[in-house]
Structures are given as structure tokens and as C-alpha cells.
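Here is what each chain is made of, one letter per residue.
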Amino acid sequence: AMPALDGFTPWPGELADHYRNAGHWRDETLGGLLRTWAARSGDAPAVVAENVGSARRLSYAELDGRVDATAAGLRALGIAARDRVVVHLPNTLDFVVVFFALLRCGAVPVLALPAHRQSEIEHFVTLSEAVAYVVPDEHEGFDFRGLAADVAAKAPSLRHVLVSGDPGPFTALDALPAGSAEPLPEADPGDVAVLLISGGTTGKPKLIPRTHRDYAYNARASAEVCALTSDDVYLASLPVAHNFPLACPGLLGVLGAGGTVVLSPSPSPDVGLRLVERHRVTVTALVPPMVRMWVDVAAWDTHDRSSLRLLQVGGAKLDDGLARQVTPALGCRLQQVFGMAEGLLNYTRLDDPDELVFGTQGRPLSPDDEVRVVDENGDPVAPGEVGELWTRGPYTLRGYYRVPEYNATSFTPDGFYRSGDLVRQLPSGHLVVEGRRKDVINRGGENVSAATLEEHLLAHPAIAQVAVLGLPDDSVGERVCAVVVLAPDAGRAPKLKELRAFLIDRGLARFMYPDRLVVRDALPLTGVGKINKRELVAGLTAGSQEKE
Ligand code: J2J
């Protein structure tokens, strides 16, 4: 076998044996699996791409053929096993084809989100020493070829820019050199298949190595939890380069079940509900801010959504009140998903009682997911108490890619990933997310949980969205700032004094009250649509410095 990708931390032999013996890890590669699926599902529709007004679809056999042709072309360009390639494509057929084609070459796609821009892309290309960068010609009014030119000028490792659509000065994906038909050497199931981007909103994003067999297990087990069959039509509303719509169960899980994936150009309800009707969609996945919009629009939208059976929601905490509105508004079951690109996935199960579906973020996917809830010293908290979630298991990374110093503090010596998430665990194993360790604001020694305060503020009728932040303060270290978006029928903004009275009524401790209230028309979002607190803090910090 060829040496493994450098910078990848393998599982220790004993655990690897266990994961193999338990049947989680199999001798399969993602590129090879597509071949198996094509042999099984042939002419059935695999992927449908929706652009404005038109749909293009590929059967399993057509997809498999396109992937082989593209893989041969990539090889002819000189892209070899273990080469990293930054893929920066929106929800299009080319994403799916290029993704599998790279896997078949044994090359490693680095999956950037469409919303990423120069600083992130330069970081991914430099850190991974990528040899190629794949972009659309333009998307949502942004010219990606210009971005590619800027990145190429600064990244000596980059040999190719490949463009989906009009290539400009670069190479068109549909005009790759004709490669030889000679079969490619198979990748090893234990090799790194893909590098995902970490979702953490502090510091530079990290690269997460996922191997063929761990990611295949991730997708297959997720498909089982969602009871996917070949009758399912999954709408990829979120950017499919993200772990959630890619493999939880997402694109990979749906193809493994023989179903159909519809690639939506946008997660918005006006686009999504139209596609639900047109393609008889059965399952989709959203982040909470989008759920709010879907529920609101569904109140008057007349598209037929009777096919929809399951809405998966994850990426940030789903408010209990909103959770309860999903089934009445959309007529489908809710599944909460607490996942991370690093690995561990928690799902509420289809047959869980309502209290667990509304009030928890699910329980671990695998019987071999190990979960520890620990205090500041790393000691287990009492059952039901809040602590930091540490985890290891058959699809959770053992180290980020090429950041040994960071890994030394992000993992325990026995290989648990310190997630930074604060959770409590119920006797059933279900987890309730109580915030982030770094999302606890320290005001003069008093700890204010942003998540808790957010939950209370959201209960205020005038508030539609909220982000609670700590802003630096010379006297007390940090001050508590609530940034809110008003409900459409709110009239005027509540005063800070009124909010305090409201919180007093709810029995909240005095030290939890916000010091500052900022009203915004909208909150900035990350690439996958979560509220971007880092950007909010940066904006508010710069602003206050200017004033002083
Ligand atoms: C609270 N916080 C959550 C939830 C993720 C499925 C779903 C989501 C992601 C994802 C994913 C949360 N409630 N339900 O990869 O496959 C926060 C946690 C977590 C971080 C991971 C998937 N679901 N979170 O969001 O890698 O803080 O993955 O550690 O982007 O999002 O972010 P990311």
C-alpha cells in the first residue's frame, strides 16, 4: 500500500480492529461505492440540478459515466493520488461529478463553501498545498474567476484553475484533455477521502480529514436512522459541500439508498417549497434561521408539500417553540441533528416521543460513539449536569490536518475530541446543547451563558432573532450585548429597561441581564447559514473603538 497522507492522524490499531469487526468499517471507497450504486440503480434518477426555470438530471449510470470521463481528464492534467484540490462549487451537477471524479483519482477534495472568499480560500490552498482549484464561472453575481486569479497569484502550489461554465483564461471542466481509459489504481479504504472545513466560528477554519470507510459508514448509518429508501427524494437546500447535506445522510446517504438528490440553488422557502412540489421531495435539511422562514412562508404558500415526510434541522440550537411549529406548519416530522464535520452525529429518532424530538438535539448515531460530559478539570460531571462534550468513535477524527500544536490541546491523550460544546445528557442518551464553552461571557467573574439568555430573549414577542455576545470591557473584562432582529409586527424596538423587566418576570438572575441592546435588520450568517457571531463581535468592537 502507498503511504498515508501526511498530516493525517490514524485511529490506534485496537480501536480500528473493533470498528472493522463491528461491521462499521468495510472495505469500500467512496469512488468504488458509486460504481456499485450505478450497477444496482442504473437508469433510476440519481441527481437533479435545478437552475432558474430548468432542471437537468443524471441517472446513476450517466453519473457514473461522467465521473469516469472526468477522472480520466483530471489524470491527464497530472492530478494524482493524494493531491489536494480545493473545490469551490455551488449546488450543481458539476459539484457531484468533480467530487466523485477526484475520489476516483485518489485525489483529495477540500470542500470550500460557496460563501467563502479570498482569505479563506488562500488559507485552504496554502495549508493543503493544493495543486488545483475548481470554481464556477460566476455565482450569485460574483465572478469566481477573478477570485481564482487572485488566489493563483499568491499560491505557488496551484497548477490548475478549473472552471464550471465559461472558463475565461482558465481550463473548462467540460474541455479536459481526453484521458486514457486504463483503470485507475483503487484508493485504500483507510486513506483520507476528503478534507472538510471546520465550522467553528473562532480562529482560522481547520481542515478535517475523513477517510473513505469512516465517511461511508457516516452516510450509511445516517441513511438507516432516517429510514431512507429508493423512493426518497432528498432536497439539498444547504450548500452540499457542507457535511450535513453531503453525508448526514445527504447526497451520499441518499445515493447509497438508491434515492434521488435534488440540488437546490438556495435554502430559501420560496425556492424550496416550489421544488418540494415539483419533485415530490420527501426529506430536506435546514439550519434554524431557515426553518423560521420556511414556517412563516408555509402559512400562505400554496405549493403541494404533501410528499414531505421529514425535516432535519441542525447546525445551531433549534428553539423549542419553533420546533413545535414544524409539524403543524409543514406537515412533516421533525428530526433534530446535532452534528459536526469533525464526526460525531446525534439524531432524534423517527420513533422518539415528542418531548425528546422538541426538547433535545438527539443521541449519538453509532453504538460505538463514546461520549464524555466533563467539567473544567476533565472529570465527568454528575449525570444530567452541564459539561463539555468530549467524544471519540468510528467516524470522529483523531486530529485536524497539519496543525500539530492545535491538536495537542484539541484532543485528549486517549484520543477524545474536545468539542467545546456544552451539553447535558438525559438517561436516554439524548443530548441537550447548552451553548459553547467559548460562548460563555465572563462579566467580572460571573458567567453568562449566551445560549440561555438567547432562549429567554427569543420568548419576547417583539424579538424574532437574537445573538448574545461578549464585548471587551476595560473594567469588567466583558459586557453582555444582545443583538436583535425585531419581529415583523413588533412596532417599535423594546428598550433595554423593558427587556430587563421581562427577564425579571421570567425569573432570570440579575447578572444575566444584557448591558447593551443593538437592533439590526438582519444578522450576518456563515457559509452554511448559522448566525456569524465572530463577524458581529468584530463589527461592534470596531464601532465602539471609533466612537471613543
Ligand atoms: C446546537 N448546536 C449545534 C444543534 C451543530 C449535521 C448538523 C450540523 C452540522 C454542523 C453537521 C447543532 N444544536 N443541533 O456537520 O452533519 C454546532 C455545535 C457543533 C458545530 C459544528 C451535521 N448542530 N451545532 O453544524 O461542523 O457547536 O457542523 O460543534 O458546521 O455546530 O458545526 P459544523
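The preceding data block contains the structure.
These notes cover the structure that comes with them. (Residues numbered from 1 in each chain as written. Predicted model: local features only at pLDDT ≥ 70, side-chain atom pairs only at ≥ 80, totals over all residues. Heavy atoms only, no water.)

1. Quick word on the overall build of the protein chain
Right, on to step 1. Assigned secondary structure in the protein chain consists of 17 helices and 27 strands.
Right, on to step 2. For the protein chain, whose C-alpha radius of gyration is 23 Å, the value lies close to the compact-globule estimate of 24 Å for 548 residues.
Right, on to step 3. For the protein chain, the C-alpha atoms occupy an extent of roughly 75 × 55 × 50 Å along the three principal directions.
Right, on to step 4. Considering only residue pairs separated by 6 or more positions, the protein chain has 67% of its internal contacts joining residues 24 or more positions apart.
Right, on to step 5. Carbon and sulfur atoms make up 52% of the accessible area of the protein chain, which totals about 22200 Å².
Right, on to step 6. Each charge sign in the protein chain was given a centre, from 54 positive and 69 negative side chains, and these centres are 2 Å apart. (Helix = DSSP H or I, 4+ residues; strand = E, 2+ residues; numbered from the N terminus. Rg over C-alpha atoms; globule rule 2.2 N^0.38 Å. Contact = heavy atoms within 4.5 Å. Areas by Shrake-Rupley, 256 points an atom, 1.4 Å probe, with all protein chains shown as cover. Lys, Arg positive; Asp, Glu negative; His and termini not counted. Charge placed at Lys NZ, Arg CZ, Asp CG, Glu CD.)

2. Remarks on unusual backbone geometry
Right, on to step 1. Note that the residue after cysteine 248, namely proline 249, is joined by a cis bond; omega there is -10°.
Right, on to step 2. As for its placement among the helices and strands, proline 249 is situated in the loop between α8 (243-247) and α9 (250-257).
Right, on to step 3. At glutamate 129, a residue that is not glycine, the phi angle is positive and equals roughly 50°.
Right, on to step 4. Its location among the elements puts glutamate 129 in the loop between α5 (118-128) and β5 (132-136).
Right, on to step 5. We classify glutamate 129 as partly exposed; its relative accessible area is 43%. (Buried < 20%, exposed > 50% of the residue type's maximum accessible area, 1.4 Å probe, protein only.)

3. Observations regarding helix α7 (residues 212-225)
Right, on to step 1. Compared with the 20 Å implied by 1.5 Å per residue over 14 residues, the 20 Å span of α7 between its first and last C-alpha is a close match.
Right, on to step 2. In terms of residue burial, α7 counts as a mostly covered element, since 12 of its 14 residues are buried.
Right, on to step 3. At the exit of α7 stands alanine 227, carrying a positive phi of roughly 55°. (Expected span 1.5 Å × (residues − 1).)

4. Describing the environment of leucine 508
Right, on to step 1. Inspection of the secondary structure assignment puts leucine 508 in the loop between α16 (496-505) and β27 (516-520).
Right, on to step 2. Counting along the chain gives 56 residues from leucine 508 to threonine 452, while the straight-line C-alpha distance between them is 9.7 Å.
Right, on to step 3. Sequence-distant contacts of leucine 508, defined by excluding residues within four places in its chain, comprise Leu453, His456, Leu503 and Tyr513.

5. Examining the sheet that holds strand β13 (residues 260-263)
What holds strands together in a sheet is hydrogen bonding between their backbones, with the strands either parallel or antiparallel.
Right, on to step 1. Spatial ordering of the open sheet is given by β2-β1-β13-β12-β14-β15-β16-β17-β18, a layout of 9 strands whose pairing is mixed. The open sheet terminates on both sides in strands that have one partner only, identified here as β2 (54-59) and β18 (363-364).
Right, on to step 2. As defined by bridge partners, strand β12 (residues 233-236) adjoins strand β14 (residues 283-286) across 2 bridges and the pair is classed as parallel. Of the residues in β14, the one forming a bridge with tyrosine 234 is valine 283.
Right, on to step 3. Relative to the sheet, α9 contacts β1 (45-51), β12 and β13, its axis offset from that of β13 by approximately 150°.
Right, on to step 4. Across the face of the sheet, helix α11 (residues 288-298) comes into contact with β12, β14 and β15 (310-314) while running at roughly 120° to β14. (Pairing = 2+ DSSP bridges. Axes fitted to C-alpha atoms, helices over the stretch in contact; angles between N-to-C directions.)

6. Remarks on the packing of aromatic side chains
Right, on to step 1. All chains considered together, the criterion is met by 11 aromatic pairs.
Right, on to step 2. Between the aromatic rings of phenylalanine 411 and tyrosine 417, the centroid separation amounts to 5.5 Å while the plane-to-plane angle is 45°, which identifies the pairing as tilted. Of the two residues examined, phenylalanine 411 and tyrosine 417, each falls in the buried class.
Right, on to step 3. Each residue in the set Phe8, Trp11, Tyr19 and Trp25 is aromatic and connected to the rest through ring pairs, giving one cluster.
Right, on to step 4. Here lysine 206 stacks its cationic end above the ring of tyrosine 406, 4.2 Å away from the centre of that ring. (Phe/Tyr/Trp six-rings, centres within 6.5 Å; stacked < 30°, edge-to-face > 60°. Lys NZ or Arg CZ within 6 Å of the ring centre and 35° of its normal.)

7. Side note on the site of the ligand
Right, on to step 1. The environment of the ligand is formed by 20 residues, the closest being His242, Val337, Ala341, Asp421 and Lys530.
Right, on to step 2. At a separation of 2.9 Å, an oxygen atom of the ligand approaches a polar side-chain atom of histidine 242.
Right, on to step 3. In the model, an oxygen atom of the ligand is placed 2.5 Å from a nitrogen or oxygen of the aspartate 421 side chain.
Right, on to step 4. With the chains in place, 93% of the 610 Å² that the ligand exposes on its own is no longer accessible.
Right, on to step 5. In terms of residue count, the dominant contributor to the shell around the ligand is strand β16 (residues 333-340) (4 residues).
Right, on to step 6. The residue makeup of the shell around the ligand, split by class, is 9 nonpolar, 7 polar and 4 charged. (Near = heavy atom within 4 Å. Polar contact = N/O pair within 3.5 Å; in protein donor to acceptor, adjacent residues only side chain to side chain. Nonpolar A, V, L, I, M, F, W, Y, C, P; charged D, E, K, R; others polar.)

8. Observations regarding helix α15 (residues 450-458)
Right, on to step 1. Taken together, the buried positions of α15 are occupied by Ala450, Leu453, Glu454, His456 and Leu457. On an axial view of α15, the arc spanned by its buried residues comes to 165°, and they lie on one face. (Arc of directions from axis to C-beta.)

9. Here's the deal with the pattern of salt bridges
Right, on to step 1. Inspection of every chain in the model, using the stated rule, returns 30 salt bridges.
Right, on to step 2. Measuring nitrogen to oxygen at the nearest pair gives 3.2 Å for the salt bridge that ties arginine 35 to aspartate 68. With arginine 35 in helix α2 (residues 30-41) and aspartate 68 in helix α3 (residues 60-76), this residue pair connects regions lying 33 residues apart in the sequence.
Right, on to step 3. Assessed through its relative accessible area of 37%, arginine 35 is described here as partly exposed.
Right, on to step 4. Each of Arg35, Asp64, Asp68 and Arg104 takes part in salt bridges that share partners, so that together they form one network. (Salt bridge = Lys/Arg side-chain N within 4 Å of Asp/Glu carboxyl O.)

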